[in-house]
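Overview (structure and organization)
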Amino acid sequence: MRPFDGRRILLGVSGGIASYKSAWLARLLAQAGAEVDVVLTRGALEFIGAITFEALTGRPVHSDVFARGHALDHIRLPREASAIVIAPATADLMARAAHGRADDLLTACLLAAGDPRTSGKGVLFVPAMNDQMWSHPQTRANAARLREIGYMLLDPEEGMLAAGEGSGPGRMPEPATIFAHVGRLLEPQGELARRRVVVTAGGTREAIDPVRFLSNRSTGKMGVAIAAAAWRRGADVILIAGPVEVDIPAGVSHVAVESTEQMAAAVLHHLSSADALIMAAAPADYTSAVRIDEKMKRTTSSLQLDLAPTTDILRDTVSARRNGAVIVGFALETNDVLSEGRRKRASKDLDLIVVNDAREAGAGFGTDTNRVTLIARDGSEESLPLMQKTELADIILDRVEARLGAA
Ligand code: CTP
């Protein structure tokens, strides 16, 4: 099952240089399972051809409100869509939409989609334009009006503008970022909506000297997948991560840490306002007992490192947890996997522990998949088949939502 299977998305493209990025967005949406109906303005057709979108979406592309045989497209297209995304939204498109014009197919679709506050159909505008046009009071007023009407606007980013125009605010966010926001529009908002979720990810690094460190093979994939899925479900997500090998997902607040002590401090800082804590990180359990400020020289004799234990972050949070907060831990084991999982769940006072066997193929560090058993506070155990970490993230969050709902 892909995240957007069974969803129809109306992708409106207006005429700006950023419309070349919309082709990639159409592809991401289609690959995620969505049926994408592309509506191009006259301006967009100057920048990019309809055939590009037809090939990427496998569906007819629309642009003419008066096309023969398509008299009711402006009613049908928004009615069939679960969400509407306009990327890029030019200054002109924003002005027309803010004033309720219906002078082309795309603006007619926007009106026919109904009141965004009651239609249950999210509409996302992704403005992109020259920085002077973006900061012009007319555009600011139009942006404010669009928000007032109930549309979502994704602010443009700072960065390189069209050739020779230097850099400034006005650049369209990358397709992957827009894609994540579309996910949040489409996801039915349940118990996690507007809840605060703290997720940890990745391994930590314990310095031996200024250039060397102790760490482990964690890549952060599991924690990052959970953070992205929680954000899609409408949560405010704080992702406290050691160095990770995957991109930080759009929308989440990222707190970058290096050592276990830094991770512990960040978790404690954010815990008091958290409705859920999901400790998917693999914090290093030992740190160098002595501080060495200069690079150690290589010698021919053997070397002994004196190590001291780090804080057990989960255990240290027990007294600081908010009443009703749902706490999830992980356990990666090589021996007595389930009994170790049960022991850790109890000793760290967890609502749920996700246990996996490090020696099983496709499970553990670095892979895109995992095979786990979930052990809950009430003693129930659920053994799950091998699956993508992104799928597992959703199952873990289903369990978190069930607990939040029951509290
Ligand atoms: N954990 C933690 N603080 C640490 C180490 C681990 O909070 N210093 C968390 C992990 O994020 C995970 C859970 O505790 O959610 C279990 O991690 P694991 O390394 O399996 O547990 P340990 O208590 O370190 O036990 P072990 O002796 O098996 O390493």
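What you see as residue numbers is a count from 1 along each chain, following the sequence as written. Two thresholds apply to this predicted model, a pLDDT of at least 70 for residue-level local features and 80 or more for giving and counting side-chain atom pairs, whereas whole-chain, interface and lining totals are computed over all residues. The basis for every side-chain value is the complete set of heavy atoms in the structure, and neither hydrogens nor water enter the calculation.

**A short note on the overall build of the protein**
Each helix is a run of DSSP H or I of at least 4 residues and each strand a run of E of at least 2, with the numbering of both proceeding from the N terminus. A tally of regular secondary structure across the protein gives 14 helices and 21 strands. Over its C-alpha atoms, taken along the principal directions, the protein stretches across nearly 80 × 50 × 40 Å. When accessible area is computed with a 1.4 Å probe and restricted to protein chains, residues below 20% of their type maximum are described as buried, those above 50% as exposed, and intermediate ones as partly exposed. When burial is assessed residue by residue, the protein has 49% of its 407 residues classed as buried. Residue pairs at least 24 apart in sequence account for 68% of intrachain contacts in the protein once pairs closer than 6 positions are excluded. Between two residues, a contact is recorded if the distance between any of their heavy atoms is within 4.5 Å.

**So, the site of the ligand**
Close to the ligand lie 15 residues; Ala-281, Thr-311, Phe-330, Lys-344 and Lys-348 are nearest. At 2.8 Å, a backbone N or O of Leu-314 approaches an oxygen atom of the ligand. N or O atoms closer than or at 3.5 Å make up a polar contact, with two conditions inside protein: a donor-capable atom paired with an acceptor-capable one, and, for residues adjacent in sequence, both atoms drawn from side chains. Contact between the ligand and Phe-330: an oxygen atom at 2.8 Å from a main-chain N or O atom of the residue. Only the protein chains shown count as cover for residues, and all accessible areas are computed by the Shrake-Rupley method using a 1.4 Å probe. Protein burial of the ligand: of its 570 Å² of free accessible surface, 77% is covered by the chains. Sorting the residues of the shell around the ligand by element identifies α12 (313–317) and β16 (326–333) as the ones contributing at least two each. Element by element, the count of residues in the shell around the ligand is highest for β16, at four residues. The residue classification treats Ala, Val, Leu, Ile, Met, Phe, Trp, Tyr, Cys and Pro as nonpolar and Asp, Glu, Lys and Arg as charged. All others, Gly included, are polar. In terms of residue class, the shell around the ligand is built from eight nonpolar, three polar and four charged. Here a residue is near a molecule or strand as soon as one of its heavy atoms is found within 4 Å of it.

**Side note on a nonpolar patch on the surface**
Taken together, Ile-17, Tyr-20 and Phe-47 make up a surface patch of nonpolar side chains, about 350 Å² in accessible area. By the element assignment, Ile-17 lies in the loop between β1 (8–13) and α1 (19–31). Two joining distances apply to patches: 9 Å for like charges and 5 Å for nonpolar side chains (Val, Leu, Ile, Met, Phe, Trp, Tyr), and every residue must have over 30% relative accessible area and no salt bridge. For this document, the term salt bridge refers to a Lys or Arg side-chain nitrogen within 4 Å of an Asp or Glu carboxyl oxygen.

**Examining the packing of aromatic side chains**
For Phe, Tyr and Trp, rings pair up if their centres lie within 6.5 Å, where Trp contributes its six-membered ring, and each pair is then called stacked (planes under 30 degrees apart), edge-to-face (over 60) or tilted (otherwise). Scanning the model with the defined rule gives two aromatic pairs in all. Arranged with centres 5.1 Å apart and planes meeting at 50°, the rings of Phe-125 and Tyr-151 form a pair that is tilted. Of this pair, Phe-125 sits in strand β4 (residues 122–127) while Tyr-151 sits in the loop between α8 (137–149) and β5 (152–153); the two residues are 26 residues apart in sequence, bridging distant segments of the chain. Considered together, Phe-125 and Tyr-151 belong to a single accessibility category, that of buried residues. Charge-over-ring contacts are defined here by two conditions on Lys NZ or Arg CZ: a distance within 6 Å of the ring centre and an angle within 35 degrees of the ring normal. The ring of Trp-134 has Arg-140 sitting right over it, with the charged end atom 4.5 Å from the ring centre.

**Let's talk about the domain arrangement of the protein**
Examined at the domain level, the protein breaks down into domain 1 (8–186) and domain 2 (196–406). Along the contact surface separating domain 1 from domain 2 lie zero salt bridges. Its residues assigned to classes, the side of domain 1 that touches domain 2 comprises one nonpolar, three polar and one charged. Where each domain starts and ends comes from a domain assignment, either automatic or drawn from a database.

**A few points about the side chain of Asn-356**
With respect to the helices and strands, Asn-356 occurs in strand β17 (residues 352–357). For Asn-356, a relative accessible area of 5% translates into the label buried.

**Regarding the sheet that holds strand β8 (residues 196–201)**
Read from one edge of the open sheet, eight strands run β12-β11-β8-β13-β16-β17-β19-β20, paired in mixed fashion. The open sheet has two free edges, formed respectively by β12 (253–256) and β20 (381–383), since each of these has just one partner strand. For this sheet the average axis-to-axis angle between neighbouring strands, irrespective of direction, equals 15°. With four bridges connecting them, strand β11 (residues 236–241) and β12 associate as parallel partners. Of the residues in β12, the one forming a bridge with Ile-240 is Val-255. Axes here refer to lines fitted to C-alpha atoms; in helices the fit is confined to the stretch in contact. Angles between the N-to-C directions go from 0 to 180 degrees. Across the face of the sheet, helix α13 (residues 337–347) comes into contact with β16, β17, β19 (372–376) and β20 while running at roughly 155° to β17. When DSSP finds two or more bridges between a pair of strands, those strands are recorded as paired.

**Details of the pattern of salt bridges**
Applying the stated criterion across every chain, the model contains 39 salt bridges. Linking Asp-103 and Arg-96 is a salt bridge whose minimum nitrogen-to-oxygen distance equals 2.7 Å. By relative accessible area, which is 32% here, Asp-103 ends up partly exposed. What emerges from the salt-bridge pattern is a single network uniting Arg-8, Glu-35, Asp-37, Arg-59, Asp-73, Arg-76 and Glu-80.

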